[in-house]
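Remarks on the overall topology
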Amino acid sequence: MSLTLFDSHCHIQDPDFDADREAVYQRARAQGVGLLVPGYSMATSYLAMEFAELHDEAYALIGVHPHDAKDVSEEDLTELRRWSDSPKVVGIGEIGLDYHYMNSPALRQQEVFLRQLELARELELPVSVHSRDAEPDTLELLDQVPGVQGVLHCFTGSEEFANQLLARGFYVSFAGPISFKNAHALRAVVSAVPKDRLLVETDAPYLSPAPWRGQRNEPLRVIRNAEVVAAQKNCTTKEVFSFTMSNTYNLFSRMPRK
Ligand code: NI
């Protein structure tokens with residue numbers, strides 16, 4: 001089956017899928033869902049790349065999440081540069097700032113985010129950005145490395161933050177939280193983001209949309225998130241498939257268009 005939709009952010013290399021990874025991929029593929037698989041550490045970046053190289057409709061992003069910023073060495077950045085030679089590596093991610101959990105010191109997170117933004121600019125690859133409780137610093141660091149294209153993944157922020165990202169040419173990606181019962185403010189942001197700047201994702205194995213909230217998530221459920229977007233946009237789900245597909249290809253332009 002040809003592709004109809006991208007899950008623009010899912011961690012199928014995660015240990016949660018060790019028992020049935022292939023079946024999870026095939027379920028998504030059978031419905032025309034392609035996968036973008038970001039790493040969050042060096043090891044999981046390598047696994048993302050390896051998975052993408054073995055699966056036609058999967059692509060990898062490589063990078064280190066702010067949680068693990070404390071462990072990043074100069075050699076790791078050199079390794080990421082080397083891995084980016086793989087044609088299945090289409091971006092740098094997920095990278096960013098997380099001041100909610102603060103698993104790495106804030107200054108270290110900023111330094112590692114900046115270094116990976118610079119790497120993305122050097123390699124001319126787009127970035128997938130994680131930002132939690134860190135909106136002003138995220139924008140400030142993006143501004144320090146102008147010219148980098150990217151997406152704010154699993155957007156749960158304010159409309160003002162979305163507008164700031166859009167003004168910088170960024171895309172905004174929505175995951176399961178848009179389906180949660182009380183997420184009225186977040187759904188208003190979905191309505192406000194223009195169709196040509198909107199992506200959908202699952203962030204699997206996390207954040208299953210309603211009615212599966214709390215269960216392990218999987219890439220196939222990106223269809224549910226597209227349905228919620230369609231309701232907010234007063235358009236058909238098919239139309240959401242179509243515009244998010246072209247947005248994904250436009251941003252991750254190393255992927256061959258099919
Ligand atoms: Ni993620």
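To be clear, the structure that these remarks concern was listed above.
Quick look at the structure, then. (Residues numbered from 1 in each chain as written. Predicted model: local features only at pLDDT ≥ 70, side-chain atom pairs only at ≥ 80, totals over all residues. Heavy atoms only, no water.)

1. Thoughts on the layout of surface pockets
Of the voids in this model, the largest pocket is the one considered here, and its volume is about 710 Å³. The wall of the largest pocket is formed by 27 residues, among which His 65, Asp 98, His 130, Arg 132 and Asp 203 lie closest to the centre. Among the secondary structure elements, those contributing two or more residues to the lining of the largest pocket are β4 (89-98) and β5 (127-132). Looking at the lining of the largest pocket, the element that brings in the most residues is β5, giving three residues. (1 Å grid on protein atoms, 1.4 Å probe; cavity = no way out; pocket = protein on both sides within 12 Å on 5 of 7 lines; lining within 4 Å. Points joined across faces, edges and corners; volume = space filled by probe spheres on them. Helix = DSSP H or I, 4+ residues; strand = E, 2+ residues; numbered from the N terminus.)

2. Thoughts on the coordination of the nickel ion
Taken together, His 9 (NE2), His 11 (NE2), Glu 94 (OE) and Asp 203 (OD) make up the full set of protein donors to the nickel ion, lying 2.0 to 2.3 Å away. Coordination at the nickel ion is irregular, judged from the four donor atoms that bind it and the angles of 82 to 175° they form at the metal. Written as a sequence motif, the donor residues of the nickel ion are H-x1-H-x82-E-x108-D. Considered together, His 9 and His 11 belong to a single accessibility category, that of buried residues. (Donors = N, O, S within 2.8 Å, 3.2 Å for Na, K, Ca; no water. Tetrahedral: all angles 85-135°; square planar, octahedral: opposite > 155°, others 65-115°. Buried < 20%, exposed > 50% of the residue type's maximum accessible area, 1.4 Å probe, protein only.)

3. Describing the packing of aromatic side chains
Under the counting rule described, the total for this entry stands at five aromatic pairs. Plain terms: the ring middles of Phe 6 and Tyr 249 are 5.4 Å apart, the flat faces sit at 85° to each other, and that makes the pair edge-to-face. Of the two residues, Phe 6 is situated in strand β1 (residues 5-7) and Tyr 249 in helix α9 (residues 237-251); the sequence distance between them amounts to 243 residues. We note that Phe 6, like Tyr 249, is buried. Pairwise contacts between aromatic rings join Phe 155, Phe 161 and Phe 174 into one cluster. Between Arg 197 and the ring centre of Tyr 171, over which it is positioned, the NZ or CZ distance is 5.9 Å. (Phe/Tyr/Trp six-rings, centres within 6.5 Å; stacked < 30°, edge-to-face > 60°. Lys NZ or Arg CZ within 6 Å of the ring centre and 35° of its normal.)

4. Quick word on the pairing of β5
Within β5, five of the six residues are buried, which leaves it mostly tucked inside the rest of the structure. Where β4 meets β5, six bridges bridge the pair, whose relative direction is parallel. Each residue of the ladder has a partner; that of Ile 92, found in β5, is Val 127. For the handedness criterion, the β-α-β arrangement of β4, helix α4 (residues 106-123) and β5 is classed as right-handed. Here β5 runs beside strand β6 (residues 150-152); their pairing, made up of three bridges, is parallel. Of the residues in β6, the one forming a bridge with Val 129 is Leu 152. (Pairing = 2+ DSSP bridges. Right-handed = clockwise from strand over helix to strand, strands pointing away.)

5. Some details on unusual backbone geometry
With the exception of glycine, the majority of residues adopt a negative phi angle, and the majority of peptide bonds are in the trans configuration. Following Gly 93, the chain continues to Glu 94 via a peptide bond in cis, the omega torsion being 0°. Looking at the element boundaries, Glu 94 is found in strand β4. Following Ala 210, the chain continues into Pro 211 via a peptide bond in cis, with omega recorded as 5°. Relative to the helices and strands, Pro 211 is located in the loop between β8 (198-200) and α8 (222-233). Residue Asn 234 is not a glycine yet carries a positive backbone phi of 50°. When you line up the elements, Asn 234 lands in the loop between α8 and α9.

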